[in-house]
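Descriptive analysis of the structure
Chain by chain, the residues run as shown.
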2 protein chains.
Amino acid sequence: MVASIPERTTLNLQPIQQHVSVSFDYKVYFTNEVFKLKNHMLAQLIAGDGEQKPKKIVVVVDAGLLEFRRSLLRQIALYTKYHADILTLAGDPIKVPGGEAAKNNPKLVKQIHKLIDSSGICRHSYLIAIGGGAVLDLAGFAAATAHRGVRLIRIPTTVLGQNDSGVGVKNGINAFGKKNFLGTFAPPYAVVNDLSFLSTLSDRDWRSGIAEAVKVALIKDADFFEFIRTNSEALRRRDMDAMQQLIYRCAQLHLQHIATSGDPFEMGSSRPLDFGHWAAHKLEQLTNYSLRHGEAVAIGIALDTTYSYLLGKISRLEWQCILNTLVTLGFVLYVPELEEKLSQPEHSRSLFRGLQEFREHLGGELTLTLLQRIGQGIEVHQADLSLYKQAISLLQEFVEDRHRKSISSFLSSSVSESLT
Amino acid sequence: MVASIPERTTLNLQPIQQHVSVSFDYKVYFTNEVFKLKNHMLAQLIAGDGEQKPKKIVVVVDAGLLEFRRSLLRQIALYTKYHADILTLAGDPIKVPGGEAAKNNPKLVKQIHKLIDSSGICRHSYLIAIGGGAVLDLAGFAAATAHRGVRLIRIPTTVLGQNDSGVGVKNGINAFGKKNFLGTFAPPYAVVNDLSFLSTLSDRDWRSGIAEAVKVALIKDADFFEFIRTNSEALRRRDMDAMQQLIYRCAQLHLQHIATSGDPFEMGSSRPLDFGHWAAHKLEQLTNYSLRHGEAVAIGIALDTTYSYLLGKISRLEWQCILNTLVTLGFVLYVPELEEKLSQPEHSRSLFRGLQEFREHLGGELTLTLLQRIGQGIEVHQADLSLYKQAISLLQEFVEDRHRKSISSFLSSSVSESLT
């Protein structure tokens, strides 16, 4: 007998309230030459899971990196043999292209899933991803979606990977022409920052990663900004000690923000560390991605710093100090795309359209981070376009002024040299 | 200047320990006719997010359900129009096949992602999935991986969906011939259990969902088992009040287990509620899935109950009481596949091979749940195959005995009827 439904009412059943709390603990390690035979860090971290050994691992590696570290795959094979009591390389490493190409080809996700399947990787085995942020994002997405999450060890090989994206809780690939359309929140099992990989970077990539450190220093930690300022020449000269310290502190601040934001998986209105990023996103697009993300972020920081100054939030001295630091680090702070179509804020080629896109990205209300002072950000919910126009002009003047000064100082030093 | 790396050591940088804690809160609602115009529950639950209205929604619906509820899509359209201040239907609903077919076609994931993209669904919009467990698993996976998770409202339409799979934190699709190879842990935004959908179920599906309730009652809640036992005739007759109470309590126990297990995303060695499931998984496979999951679980419960009895853990009375209840509910407790190739435990057609596969699935150590008494499970880490053989024989005897008795009682009642 089936009850006649439409006339029926439910018993008085109160909703059941569910509360699920999940904790993720992981460490970010710092080392040099992680796959050197006698470097036990990686083996020890896997040994430390307290489960039956040896554990299966598979490896996804950035093909761009292999051009500079041709012996890497051989080194990994030797390493796993040397530590055979702890690790078994359960399948041939997969090479994927570096940069956005890694995130634009959905077949790569499938290829990694296939490797996980064919090598019998389970939720207690490991996928080790080695490469730049894009490769880690791709491999992380594949790892997070196989068996509802296999353990991921990230070995970021770029400054940006080591101090920012590679230590966080996100992954993603592009789809439908949209950045990170597909992805999950999935903390890694561990992160290993291997200093030695930084020597493979071009000057542009070395520098790009510094922009996120400047960003987080400016809104969170005045002492850290002071460190960057006083070491800006050394950083430009690729001093490895200065870079290590920069990466360490930046990673620490990034991790702290995730842990203490109260909303690490961004389900509510939690704010990521996105000072300077509204303009950066738009400038990357307006320049057809000829600007690297970090290069665009540096310009975005310069712009919002200038706007903060014009709003009276920071002093002229602070403004100059920040912009000078960025220039000393080697960043270009002005591109012509800044002033395109400014009088048509709705135009797709207008920087100001980026404000609208940023608001939509946040899901409704506009929230911009500005500077209250060096080391402290402040959130505002509106943008004064005419003041932003002034900020763009002022930024342009500053850059031209610096340029003139450096030419005249170059000339005068040439003159004085020729006199001696 | 690039530092010469191999000779270099890192500064003494200690690992950074990260601790991320994430909370998920959601409600499981009970209602009748959720899309009736004057039923405000769904609209209210979306209104309750405190964000700017109206909110965009998209719908994924089980095509199998539409055969029994032909007006459903029209009803949904009317409902969204009626509640237009709160909801906007941002794209045409997607119909997907019901049952495992939903989980075997990766193009369906893509189709849902496309809908999410084209209708501008963001992390603050809603995907509403309506259907059986497989459809919810598919839609949940698509929702969890778009924009790193759009809000998912599940409306399970089967007993199994409403009391078990549909209220939990998992999703998944099949790949490489493996069940749930792809999936994530992703709690829903809300679950709405709509009683009216249960009338669309076949008797087999109605009954199948009861098996998981028997399972959780046996290992967790003696009072609940007593409720099922005393209502087993009514449940077989499809009494809706009894079913509502069964679903409510089963969902509650399932949710409690997830919330209090200490490991809701099963990262460590957390144990799901899998009493009777090792044999069930294998029997589903051995019968080429002609057994429904719940039907196989009922046999698995009967087998492990019998084994628990032979081990001396439960009394003969308890054993009989459990098996009689399952029979009264309408379950078949014996299939010939139980005794195939038992003397060759490694054979792929042997039930005992299922023990090995279960151990591998758990990632190393075998853990079986048995019964300590009605209402309390106990975990063991070994299986006595010769005792299991005896259990299979005893189960067969029990079933034959019941069969003989029911024939003789039928004959005697026929005789007594013909005498009157």
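Residues numbered from 1 in each chain as written. Chains lettered and ligands numbered in written order. Predicted model: local features only at pLDDT ≥ 70, side-chain atom pairs only at ≥ 80, totals over all residues. Heavy atoms only, no water.

What follows deals with the overall build of chain A. Counting secondary structure elements, chain A contains 16 helices and 11 strands. Against the compact-globule benchmark of 22 Å for 420 residues, chain A has a radius of gyration of 24 Å, which places it among compact chains. Overall, chain A is about 90 × 75 × 35 Å in size when its C-alpha atoms are taken along their principal axes. Per-residue burial over chain A gives 56% buried out of 420 residues. A fraction of 74% describes how many contacts in chain A between residues 6 or more apart in sequence connect residues 24 or more apart. (Helix = DSSP H or I, 4+ residues; strand = E, 2+ residues; numbered from the N terminus. Rg over C-alpha atoms; globule rule 2.2 N^0.38 Å. Buried < 20%, exposed > 50% of the residue type's maximum accessible area, 1.4 Å probe, protein only. Contact = heavy atoms within 4.5 Å.)

Taken together, the side chains of L37, L78 and Y82 of chain A present a nonpolar region at the surface, about 260 Å² in accessible area. Residue position: Y82 of chain A is located in helix α3 (residues 72-82). (Patch = residues over 30% accessible without salt bridge, like charges linked within 9 Å, V, L, I, M, F, W, Y side chains within 5 Å. Areas by Shrake-Rupley, 256 points an atom, 1.4 Å probe, with all protein chains shown as cover. Salt bridge = Lys/Arg side-chain N within 4 Å of Asp/Glu carboxyl O.)

Each side of the interface is counted separately: chain A has 78 residues, and chain B has 78 residues. Here chain A meets chain B over a buried area of about 7,600 Å², counting both sides, of which 58% is carbon and sulfur. Three residues stand out in chain A for area buried against chain B, namely I16, Q18 and R148 of chain A, and they jointly supply 12% of the buried area on that side. The interface formed by chain A and chain B contains two salt bridges. Ionic pairing is found between D117 of chain B and K178 of chain A, a salt bridge with its closest N-O pair at 2.3 Å. On inspection of chain A and its partner chain B, the count reaches 27 residue pairs in polar contact (both at pLDDT 80 or more). (Buried area = accessible area lost by both parts, 1.4 Å probe. Polar contact = N/O pair within 3.5 Å; in protein donor to acceptor, adjacent residues only side chain to side chain.)

With that settled, consider the UniProt feature "domain: 3-dehydroquinate synthase N-terminal" (unreviewed entry) in chain A. In this structure's numbering, the residues bearing the UniProt feature "domain: 3-dehydroquinate synthase N-terminal" (unreviewed entry) are residues 94-207 of chain A. A distance of 28 Å separates the end C-alpha atoms of residues 94-207 of chain A, which is 35% helix and 25% strand. (UniProt positions renumbered as here; feature names shortened; annotations may be inferred.)

Let us now look at the packing of helix α8 (residues 203-220) of chain A against helix α13 (residues 293-310) of chain A. All names here are of chain A. In contact at an axis separation of 7 Å, α8 and α13 are set at 35° when each is read in the N-to-C sense. The two elements α8 and α13 cross, and the hand of that crossing is left-handed. The residues of α13 that touch α8, namely those facing R204, S208, A211, E212, V214, K215 and L218, are H293, G294, E295, V297, A298, I301 and T305. Looking at the contact of α8 with α13, its residues break down into six nonpolar, four polar and four charged. (Axes fitted to C-alpha atoms, helices over the stretch in contact; angles between N-to-C directions. Left-handed = near helix turned anticlockwise from the far one by under 90°. Nonpolar A, V, L, I, M, F, W, Y, C, P; charged D, E, K, R; others polar.)

Residue and element names in this part refer to chain B. If you check which residues of helix α9 (residues 222-230) are buried, you get F224, F225, F227 and I228. Buried residues of α9, seen end-on, are gathered within an arc of 155° and therefore sit on one face of the element. Turned more than 90 degrees away from the buried face of α9, the exposed residues are D223 and T230. Residues of α9 that are buried make contact with α8 (203-220), α10 (232-236), α11 (240-260) and α14 (316-329). One side-chain oxygen of the residue at the start of α9 lies 3.1 Å from the amide nitrogen of D223, identifying that residue as D221. (Arc of directions from axis to C-beta.)

Bringing the relation of the copies chain A and chain B into the picture now. Of the transformation placing chain A onto chain B, the axial shift is 0.0 Å and the rotation is 180°, giving an RMSD of 0.0 Å. Read as a symmetry element, the transformation amounts to a two-fold axis. Within chain A, V22 of chain A has its C-alpha nearest the rotation axis, a separation of 2.6 Å. Comparing contact sets, 100% of the residues at the interface of chain A also lie at the interface in chain B, consistent with an isologous, same-surface contact. (Least-squares fit on C-alpha atoms with pLDDT ≥ 70 in both.)

With that out of the way, let us pick up the domain arrangement of chain A. Residues and elements named next belong to chain A. Domain annotation of chain A identifies domain 1 (27-201) and domain 2 (242-256 + 272-406). Taking only C-alpha atoms, the centre of domain 1 and the centre of domain 2 are 32 Å apart. Opposite the 11 residues of domain 1 that make contact, domain 2 presents nine residues. Ranking the residues of domain 1 by area buried against domain 2 places F30, N163 and V167 at the top, with a combined share of 43%. Linking domain 1 to domain 2 there are zero salt bridges. Inspection of the domain 1/domain 2 interface yields zero residue pairs in polar contact (both at pLDDT 80 or more). Those elements that provide at least two residues to the side of domain 1 that touches domain 2 are β1 (16-31) and α7 (159-163). (Domains from an automatic or database assignment.)

On to the packing of α9 of chain B against α14 of chain B, then. Residue and element names in this part refer to chain B. Two numbers describe how α9 lies on α14: the axes approach to 9 Å, and their chain directions differ by 45°. By the angle between their axes, α9 is oblique relative to α14. Relative to α14, the crossing made by α9 is left-handed. Residues F225, I228 and R229 of α9 form the contact with α14, whose own contacting residues are C321, I322, T325 and L329. For the contact of α9 with α14, the class distribution of residues is five nonpolar, one polar and one charged. (Parallel < 35°, antiparallel > 145°, perpendicular 65-115°, else oblique.)

The next subject is the pairing of strand β8 (residues 178-182) of chain B. All names here are of chain B. Pairing of strand β7 (residues 173-175) with β8 involves two bridges; the strand directions are antiparallel. When the bridges of β8 are listed, I173 appears paired with L182. Hairpin connection of β7 to β8: two residues between the antiparallel strands, including F176 at a positive phi of 55°. (Pairing = 2+ DSSP bridges.)

Once that is clear, we can look at helix α12 (residues 277-286) of chain A. With respect to burial, α12 of chain A is a largely interior element, eight of its 10 residues being buried. Among the residues of α12 of chain A, H277, W278, A279, A280, K282, L283, E284 and L286 of chain A are the ones counted as buried.

Here we come to the pattern of salt bridges. Per the stated rule, a full pass over the model turns up 45 salt bridges over all chains. Two residues, K53 of chain B and D49 of chain B, come together in a salt bridge whose shortest N-O distance is 2.6 Å. Of the charged contacts in the structure, one is a salt bridge between E100 of chain B and K179 of chain B, with a shortest N-O distance of 3.2 Å. Of this pair, E100 of chain B sits in the loop between β4 (94-96) and α4 (101-104) while K179 of chain B sits in strand β8; the two residues are 79 residues apart in sequence, bridging distant segments of the chain. The class of K179 of chain B is partly exposed, set by a relative accessible area of 45%. Look at the salt bridges and you will find they share partners, linking D49, E51, K53, K55 and R151 of chain A into a network.

Two aromatic rings are characterised by how far apart their centres lie and by the angle between their planes. Per the counting criterion, the structure on display carries 26 aromatic pairs over all chains. With centroids separated by 4.8 Å and ring planes inclined at 15°, the aromatic side chains of Y309 of chain B and W319 of chain B adopt a geometry described as stacked. Placement of the pair is Y309 of chain B in helix α13 (residues 293-310) and W319 of chain B in helix α14, with a sequence separation of 10 residues. Across the pair, exposure class does not vary: Y309 of chain B and W319 of chain B are buried alike. Ring pairs connect the aromatic residues F24, F185 and F265 of chain A together with F24, F185 and F265 of chain B, which therefore count as one cluster. (Phe/Tyr/Trp six-rings, centres within 6.5 Å; stacked < 30°, edge-to-face > 60°.)

A few words now on the side chain of D49 of chain B. All names here are of chain B. Along the chain, the position of D49 falls in the loop between α1 (41-47) and β2 (55-62). The exposure class of D49 is buried, given its relative accessible area of 14%. Within the local environment of D49, its side chain forms a polar contact with the side chain of K53, the two groups lying 2.6 Å apart. Setting aside anything within four residues of it in sequence, one finds D49 in contact with K55, Y126, R151 and Y189.

As a further point, take the pairing of β1 of chain A. Pairing between β1 of chain A and strand β1 (residues 16-31) of chain B: 13 bridges, direction antiparallel. Bridging from a neighbouring strand, V28 of chain A pairs with I16 of chain B of β1 of chain B. Judged from the five bridges that link them, β1 of chain A and strand β9 (residues 190-194) of chain A form a sheet pairing that is parallel. Along β9 of chain A, the bridge assignment pairs K27 of chain A with A190 of chain A.

Residues apart from glycine generally show negative phi values, whereas peptide bonds are mostly found in trans. Cis geometry is adopted by the peptide bond preceding P54 of chain A, which originates at K53 of chain A and carries an omega value of -10°. Structurally, P54 of chain A can be placed in the loop between α1 (41-47) and β2 (55-62). Unusually for a residue other than glycine, H147 of chain A sits at a positive phi of about 55°. By the element assignment, H147 of chain A lies in the loop between α6 (133-145) and β6 (151-156). Here H147 of chain A falls in the partly exposed class, since its relative accessible area comes to 23%. You will see that R148 of chain B, though not glycine, has its phi angle at about 55°, which is positive. Residue position: R148 of chain B is located in the loop between α6 (133-145) and β6 (151-156). R148 of chain B gets classed as buried once you look at its relative accessible area, which sits at 17%.

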